[in-house]
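Coordinate inspection notes
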Amino acid sequence: MNLTLKIWRQKNASDKGKMVDYKINDVSPDMSFLEMLDVLNTELIEKGDDPVAFDHDCREGICGMCSLYINGEAHGPDRGITTCQLHMRKFKDGDTIYIEPFRAKAFPVIKDLVVDRSSFDRVQHAGGFISVNTSGNTQDANAIPINKHDADASFDAATCIGCGACVASCKNSSAMLFVSAKVSQFALLPQGQVEATDRVLNMVKQMDEEGFGNCTNTGACEVECPKGISLENIARMNREFLNASLKG
Amino acid sequence: MSGFLKSSIGRKIAMALSALFLMIFLLQHFAINITSVFSESLFNELSHFMGTNPVVQFALQPILIFGVIFHFVMGFVLEIKNKGARNVKYVKNHGAANSSWMSRNMIWSGLVILAFIVLHFIDFWFPEINHKYIEFLPEDPNRYYHEVVEKFHSPIRVGAYVVAFVLLAMHLLHGFSSAFQSVGANNKYTRGLKGFGKAYAILIPLGFIFIALFHHINGH
Ligand code: HEM
Ligand code: SF4
Ligand code: FES
C-alpha cells in the first residue's frame, strides 16, 4: 500500500511543533503500525533527516509504552489493542493517516510523538500500593480467602498497563479510568483495606494536582482502553472517595 | 470533609446530586402541568396550592433556585477547567468513534436550557412574584389556567418551548444515567436504569411539548 502520513513534529518541549506530510510506499498489510514507522525512520535516516521519535518497548501489548493518536483515536481505529498491536491491514491503499502525540496538559510533549507520562507515576506513588512486612514471616496471600467475584474484578482492574489512552481519548483529559483501576485493584481485596481511606484521598489529590480534567462520563476511555477497563471502576472510586471523605 | 467541593470527584458528586434533584423537580412540575390538559379546575387548584403554600414558597422554591444556579455554575466551572486540561488541541479528533454527541455537548444543551429558564422566568415567575409579593394584586384562585393558555397563543413562544425541550431531552439522554454513575451507583441494576433513563429523557420533555402544543391549538 502507498500512504500519506501527517505526523506531528516538535523538536523539543519548548518548540511550537507542526504537522508534516510524508509519503510512504510499498507498506505491507502485515506490518504492525510501529514497524511501518520503523521503515519510515530508516528512509528518513538514509536521507539525512531527523527520524520521528515515538515511544515503544515490549511491542506485544503489555508494557503500555507505545502511544500515538492515530486518525483521531488513541492507538488507532481498532479495539482492545495498543499501537504495537495495530496492523496496517486496518488501513487502505491511498489512505491519509494523522499521527499525533497523546494530548493533555499533564502529558507534556518531550519530542515529536513522545510524551512525558510521569504524572501517572506520581499518582501511583501517592497511594497505589499496600504496605506489607517482608521481614521473613510474611503471610502467604492465598491464606486469606477471597470470593471469586472480587478476585476477578480486582484482577481485571490490575490489567491496566498505564498507557494513558484513557486520558488521551477523554475530551476532558481526565485520568479517572486509570486512577480508578489503580484504586479498585486494592479496594476489592482485604489486603487493600488497611490503607483504603488514605489511598483514595491521596491518589485523587495527586491526580487533581497534576492537572487532569474532570470525568463527565462520556465513556470514551472505556472504548479506547486496550485492556477493557470498565467504567464500574470509576463508580467504585467515587464511592470510595465519598466514604473516605465522610470518614475524615 | 474539608475541600470536598474543591476535589474533582467531590464536584462530580455534587453536580450529580443537583442534577438528580432537578430531575425529581421536573417530574413534579410535569405532573402538575399535565392536569391542565384534562381538568381546568384541578390545574387551578394545584397551582393555587403551590403558589400559596408557605413550605413550597419559602422552603422548596429557594432550594430549587439554589439547585438550578449551583448546577449551571458548576457546569461552567467544570467545562472551563476541563477545556484547560488539554492546552494543545488535536488536529484530528474522532470523538464519534467512542462517545455520543450528547455526552460531548452537555454544555451546549445546557446553555439552551439556561436560555429557556430565563425566558420561563420572564414569562411566569416574575409576573407571579410581582402579582403576589410586589403589587399584592387581589388573589383569584382560578386565574392560573387562563394565564397558561394565553401564554401559548404565540407561535414563537411555543417554538422556543419545543426547541428547548428537545435539547433538554438530549441533555437527559446522557445525563440521567450519568448522574447515577457519578454518585457511584454502577451495579446489576444499571442496565435497567439506563433503559428507564432513556424513557424518562424522551417522555417527560415530549410531555411538556405536548402540553404547549395542546394549548396552542385548543386556545385558538
Ligand atoms: C440551567 C442550565 C443547565 C446547564 C448550563 C447545564 C449544564 C450541565 C453540564 C455542563 C453538565 C455536565 C457536567 C458533568 O457531567 O459533570 C450537566 C450534567 C447534567 N445535567 Fe445539566 N445543565 C443545565 C440544566 C439542567 C436541567 C434543568 C436538568 C434536569 C432537569 C439537568 C440535568 C443534568 C444531569 C442529569 C446531568 C448529569 C450529571 C452527572 O453526570 O453527574 N441539567 N449539566
Ligand atoms: S485504564 Fe486502560 S487506557 Fe487507561 S491507562 Fe489503564 S490500560 Fe491505559
Ligand atoms: S510497546 Fe509495549 S504495549 Fe506497545
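Predicted model only: the values in this text are computed from it and were never measured. (Residues numbered from 1 in each chain as written. Chains lettered and ligands numbered in written order. Predicted model: local features only at pLDDT ≥ 70, side-chain atom pairs only at ≥ 80, totals over all residues. Heavy atoms only, no water.)

So, on to the overall build of chain B. Along its length, chain B carries eight helices and zero strands. Along the first, second and third principal axes, the C-alpha atoms of chain B reach 60 × 40 × 35 Å. For chain B, the proportion of contacts with a sequence separation of at least 24, taken over those separated by at least 6, is 79%. Put simply, chain B shows about 11,800 Å² of open surface, and 73% of that area lies on carbon and sulfur atoms. (Helix = DSSP H or I, 4+ residues; strand = E, 2+ residues; numbered from the N terminus. Contact = heavy atoms within 4.5 Å. Areas by Shrake-Rupley, 256 points an atom, 1.4 Å probe, with all protein chains shown as cover.)

For the structure shown, the criterion picks out 23 aromatic pairs over all chains. Centroid distance F120 of chain A to F178 of chain A: 3.6 Å. Interplanar angle 5°. Geometry classified as stacked. Of the two residues, F120 of chain A is situated in helix α2 (residues 118-125) and F178 of chain A in helix α5 (residues 176-187); the sequence distance between them amounts to 58 residues. The same class applies to F120 of chain A as to F178 of chain A, namely buried. On the numbers, 4.9 Å between centres and 85° between planes, the contact of F116 of chain B with Y161 of chain B is edge-to-face. One end of the pair, F116 of chain B, is in helix α5 (residues 106-134); the other, Y161 of chain B, is in helix α7 (residues 155-182), with 45 residues separating them in the sequence. A residue is classified by how much of its surface remains accessible, and F116 of chain B, at 12% relative accessible area, is buried. Since its relative accessible area comes to 5%, Y161 of chain B is described here as buried. (Phe/Tyr/Trp six-rings, centres within 6.5 Å; stacked < 30°, edge-to-face > 60°. Buried < 20%, exposed > 50% of the residue type's maximum accessible area, 1.4 Å probe, protein only.)

Residue and element names in this part refer to chain A. Around ligand 2 lies a shell of 13 residues, among which C160, C163, G164, C166 and C225 are the nearest. According to the grid-proximity analysis, the pocket containing ligand 2 is the second largest cavity. Of all elements in the fold, only α4 (165-169) and α5 reach the threshold of two or more residues within the shell around ligand 2. Grouping the amino acids of the shell around ligand 2 by side-chain chemistry returns 11 nonpolar, two polar and no charged. (Near = heavy atom within 4 Å. 1 Å grid on protein atoms, 1.4 Å probe; cavity = no way out; pocket = protein on both sides within 12 Å on 5 of 7 lines; lining within 4 Å. Sits in = over half its atoms within 2 Å of the grid points. Nonpolar A, V, L, I, M, F, W, Y, C, P; charged D, E, K, R; others polar.)

Turning our attention to the coordination of the iron atom of ligand 1. Residues and elements named next belong to chain B. Within the protein, the atoms that donate to the iron atom of ligand 1 are H71 (NE2) and H171 (NE2), at distances of 2.0 to 2.1 Å. Angles of 88 to 179° at the metal separate the six donor atoms of the iron atom of ligand 1, which places the site in the octahedral class. Here H71 is found in helix α3 (residues 54-84), whereas its partner H171 is found in helix α7, with 100 residues between them in sequence. Residue classification places H71 among the buried residues on the basis of a relative accessible area of 15%. (Donors = N, O, S within 2.8 Å, 3.2 Å for Na, K, Ca; no water. Tetrahedral: all angles 85-135°; square planar, octahedral: opposite > 155°, others 65-115°.)

With that settled, the discussion passes to the environment of V183 of chain B. Position of V183 of chain B relative to the elements: it lies in the loop between α7 and α8 (190-218). On a C-alpha basis, the gap between V183 of chain B and G10 of chain B in space is 9.6 Å, while along the polypeptide they are 173 residues apart. Setting aside its immediate chain neighbours within four residues, V183 of chain B contacts R239 of chain A together with I13, A16, L17 and L20 of chain B.

Our focus in this paragraph is the interface of chain B and chain A. Facing the 36 residues of chain B at the interface are 47 residues of chain A. The largest per-residue losses of area from chain B upon contact with chain A belong to I9, Y90 and N98 of chain B, which jointly make up 18% of the total buried on that side. For the pair chain B and chain A, the interface holds one salt bridge. For the interface between chain B and chain A, the tally reads 26 residue pairs in polar contact (both at pLDDT 80 or more). (Buried area = accessible area lost by both parts, 1.4 Å probe. Salt bridge = Lys/Arg side-chain N within 4 Å of Asp/Glu carboxyl O. Polar contact = N/O pair within 3.5 Å; in protein donor to acceptor, adjacent residues only side chain to side chain.)

Next up on the list: empty space enclosed by the protein. Residues and elements named next belong to chain A. Per the counting criterion, the structure on display carries two cavities of 30 Å³ or more. When its volume is computed, the largest cavity comes out at roughly 100 Å³. Elements represented by at least two residues in the lining of the largest cavity include exactly α5 and α7 (220-224). A breakdown of the residues in the lining of the largest cavity according to their chemical character gives nine nonpolar, six polar and no charged. The volume enclosed by the second largest cavity comes to roughly 90 Å³. C160, C163, C166, C225 and I229 are the residues nearest the centre of the second largest cavity, which is lined by 15 residues in total. Of all the elements in the fold, those that place two or more residues in the lining of the second largest cavity are α4 and α5. Take the lining of the second largest cavity: its biggest share by element is three residues, from α5. Considering only residue class, the lining of the second largest cavity consists of 12 nonpolar, two polar and one charged. (Points joined across faces, edges and corners; volume = space filled by probe spheres on them.)

On to the environment of M170 of chain B. Residue and element names in this part refer to chain B. In this structure, M170 sits in helix α7. Note on M170: relative accessible area 24%, which makes it partly exposed. Sequence spacing of M170 and A201 is 31 residues, and the spatial spacing of their C-alpha atoms is 7.4 Å. With near-sequence residues (within four places) excluded, M170 lies in contact with W101 and M102.

So, on to the domain arrangement of chain A. Frequently, the measure chosen for interface size is the accessible area that the parts lose on association. Residues and elements named next belong to chain A. Along its sequence, chain A is organised into domain 1 (3-111) and domain 2 (118-247). Inter-centroid distance (C-alpha atoms) of domain 1 to domain 2 is 29 Å. Listed as interface residues are 18 residues of domain 1 and, on the opposing side, 18 residues of domain 2. Here domain 1 and domain 2 share an interface that buries about 1,400 Å² over both sides, 56% of which is from carbon and sulfur atoms. At the junction of domain 1 and domain 2, the tally comes to one salt bridge. (Domains from an automatic or database assignment.)

Here we come to the site of ligand 1. Residues and elements named next belong to chain B. Taken together, the neighbourhood of ligand 1 is formed by 24 residues, with A16, H71, H171, S178 and S182 sitting nearest. With respect to ligand 1, the side chain of H171 contributes an N or O atom lying 2.8 Å from a nitrogen atom. In this structure, S178 approaches ligand 1 through a side-chain N or O atom, which is 2.3 Å from an oxygen atom. If you list the elements that add at least two residues to the shell around ligand 1, you get α1 (8-38), α3, α5 and α7. Top element by residues in the shell around ligand 1 is α7. It accounts for seven residues. Among the residues making up the shell around ligand 1, the classes are represented as 15 nonpolar, nine polar and no charged.

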